[in-house]
Each structure stands twice: as structure tokens, then as C-alpha cells.
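Structural characterization, general
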Amino acid sequence: MIKSNVVVIGGGTGISVILDSLRKEKIDLTAIVTVADDGGSSGRLRSAIDIAPPGDLRNVLIAMSDMPGFYQDILQYRFDESDGALAGHPLGNLIIAAVGEMQGSTYTAIQTLSRFFHVRGNIYPSSDRALTLHAVFTDGHEVQGESQIAGYKGQIDHVYLTETSTGEAPLASDKVVDSIMDADVIVLGPGSLFTSILPNIVIPEIREALLKTKAHVIYVCNIMTQRGETEHFTDADHVRVLNEHVGKNLIDTVLINCEQVPQEYMNSNKFDEYLVQVVHDFPALQEQEVAIISNNFLKLVNGGAFHDAQAVTDEIIKISQRKEL
């Protein structure tokens, strides 16, 4: 049986959880990861060395590797705040930055480290250059920088990207477009809509590939709304924004969690960016011509509401097997 080609597009911790589950399936797996992060360790490194930010790539590298847990702990180790210039940097970020500087490319560094850590599948940064995310709000105000967007009180209308060093339109990394065109299934998310998913698909070459690909496109809808990004959004609003940024009804199937998050469960101090559970609007979804898979995808962990990776993976595999037929 020919393996299905499954491509996951996004960033942050959301896709890492799904990738860790998907890598165990009999599929050809590729992750396309955002490089628009300008906060924390990633932001400091990209300013100092002019590289694509490594943080999301680090998490995906670990998720898709079969390395022992102790090795993961080493890569995720974050230097203490008392450690001067190293304060707050995860060791994995420094390794990616070092190999990227040595080889002259973050893309090449990730391919090297993928072999080193026995990654199952392919990991491609969406671009090989650091990118600046621009958010244009409905009142016309524009904010530059992924880390600054949530601080402006308004509703985002659309986002776009420029290369940080040149201000020009970004280019996709090597093999990113080909992987989208060759995919049987493309998975968007889960993750922050405007700052993790869209910073990949608004790169012009990626957008064009998504317009042309024959792949079945799945969107894993967020469970909770997010402060400064998707306040008051329904599931249909999430899908609408994705479709508008691409310029057509891109999403074929949306995975929606139907399980209620227990009242007062969320730890608002630990997860202060999350607000309330996403409201369902099935008629508006149907107007956008998407198939709806509504199931219990909820996993409660340490005061936070997350996707159950295995439940999401099971649905993705079912769809990929239908594509094989």
C-alpha cells in the first residue's frame, strides 16, 4: 500500500503535539513551520545573528524525533534568568542557531539536525529568512511584530509578511511548495490563527501552491478563543479568515471539539492568553462548504484545554485513507 503524504502547517506548541502522534503512523509526514516569531529567545537570537527564529522549529524537531526523553530535556533546558546573556535561552535554540550560522542557512541546519536526531519525516521552515508579521486592524491601525500584535485593542482584519532584513516579500524555503503540491492531505493547526498558521500561508508562493494543490485540506479548529487575536470568534469565523487570506474556500474538512471545557477549570494565570471556549456556528460553516467532524478532541492538562493528539490523528488518518481510494 502506498503511504499517504500528510503535510502539517503551523507553529507554536499546538502542531508539535499532533506531529508527535502522526509520526508513529504509516504515512510520509512533512511539517512546514512558521519563522515569524520575534519574542523571547527566538527574537533575541534572530536579532543577534540574523537567522530564522529557532523556537518553533526546535519544538517540531523534538516532536518528530524518536530521541529518548532525557535528550528532549537537554534540548528544552532553558538557562536561568541569572545567567546573563544566556538567560532564558533553551539549549536547543542555541544549537539550531549555531548550526545555522555554520552552514549559512536555518533550512540546512534543520535538515542536518533532523538526521542527527533521527527525525521521522521532513521539517521545513516556511522561509529561510527571518520574517516580520504585520497585522492590519479593522480600524486601519497596523502593528509590526508577532509579539506586539496581542497588545493592540482591536480586531485584526488581515496579516501579511515582509523579510525582516530587506522589507521585501518573503520567499518560501526549498521543497515547501513541492511538498504542498505532492500532498494527499494538508493539516492546518491547531495553533494561534493569526500568529502561527497564517504566517505560513500568506507567503505568496505557499498561497499559490495552496490554490493549486489537489490535497484534501483539514483545519483543526482551536478549542479556546485567544486574547488579542480571536476574541468572540466562532469556529466558522476561524475558517472564514483562513479562506479570505487564501482567496478561495480552502478548507475541505474542519475538526471541531464538541466536549465542554469544565466551568472554572482553566488556569487563567498560567494560560492568560486563552479566553472562552469557541462557539459553534454550523450553518455558517456549511455556507463555506466544509465537511464538519465534531467529536471529543479535548484533553485537560494542568489547568489548560488542549487537543487530544490521538483523537485528532485518528481522524486525519481516516481522511488520508479515503484519499488513497
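Anyway, here's the lowdown on the structure attached to this text. These figures come from a predicted structure and were not determined experimentally.

1. Let's talk about the overall build of the protein
When its secondary structure is counted, the protein shows twelve helices and 14 strands. What you see for the protein is a C-alpha radius of gyration of 19 Å, in line with the 20 Å of a compact globule of 325 residues. With the principal axes as the frame, the protein shows a C-alpha extent of 55 × 50 × 40 Å. Taking all 325 residues of the protein together, 54% fall into the buried category. Of the contacts made within the protein by residues no fewer than 6 positions apart, 72% connect residues no fewer than 24 positions apart.

2. Observations concerning helix H6 (residues 106-116)
Structurally, the α-helix is built with 3.6 residues per turn, so residues lying three or four positions apart point the same way. Looking only at H6, the buried set comprises Thr106, Tyr107, Ala109, Ile110, Gln111, Leu113 and Ser114. Contacts from the buried residues of H6 go to helix H3 (55-63), helix H5 (91-103) and strand E3 (122-125). Two to three positions downstream of the cap, the backbone nitrogen of tyrosine 107 sits 3.2 Å from a side-chain oxygen, assigning the N-cap of H6 to serine 105. Positive backbone phi, at 55°, marks histidine 118, one or two positions downstream of H6.

3. Re the pairing of strand E8 (residues 216-220)
Across the five residues that make up E8, a large majority, five, are buried. Here E8 shows a buried face lined by His216, Ile218 and Val220 and a second buried face lined by Val217 and Tyr219. Relative to E8, strand E7 (residues 185-188) is paired through four bridges, and the arrangement is parallel. Bridge assignment links valine 185 to a residue of E8, and that residue is histidine 216. Where E8 meets strand E10 (residues 253-257), three bridges bridge the pair, whose relative direction is parallel. Looking at the pairing, tyrosine 219 lines up with valine 254 of E10.

4. Observations concerning the pattern of salt bridges
Applying the stated criterion across every chain yields a total of six salt bridges. In this structure, arginine 207 and glutamate 208 form a salt bridge, with 2.9 Å as the shortest nitrogen-oxygen distance. The exposure class of glutamate 208 is partly exposed, given its relative accessible area of 35%. A salt bridge links arginine 240 to glutamate 244; the shortest N-O distance between them is 3.4 Å. Residue arginine 240 and its partner glutamate 244 are located together in helix H10 (residues 235-246), separated by four residues, close to a single helical turn. By relative accessible area, which is 30% here, arginine 240 ends up partly exposed. Via salt bridges that share partners, Asp237, Arg240 and Glu244 belong to a single interconnected network.

5. Digging into the nonpolar core
Within soluble globular proteins, side chains that are nonpolar generally end up buried alongside one another. Judged by nonpolar contacts, the single largest core of 90 residues is most densely connected at Ile186, Leu188 and Tyr219. The residues contacting isoleucine 186, other than those within four sequence positions of it, are Val7, Ile9, Ile180, Leu210, Thr213, Ala215, His216, Val217 and Ile218.

Parameters and conventions
Residues numbered from 1 in each chain as written. Predicted model: local features only at pLDDT ≥ 70, side-chain atom pairs only at ≥ 80, totals over all residues. Heavy atoms only, no water. Helix = DSSP H or I, 4+ residues; strand = E, 2+ residues; numbered from the N terminus. Rg over C-alpha atoms; globule rule 2.2 N^0.38 Å. Buried < 20%, exposed > 50% of the residue type's maximum accessible area, 1.4 Å probe, protein only. Contact = heavy atoms within 4.5 Å. Polar contact = N/O pair within 3.5 Å; in protein donor to acceptor, adjacent residues only side chain to side chain. Pairing = 2+ DSSP bridges. Salt bridge = Lys/Arg side-chain N within 4 Å of Asp/Glu carboxyl O. Core = buried A, V, L, I, M, F, W, Y, C linked by side-chain atoms within 4.5 Å.

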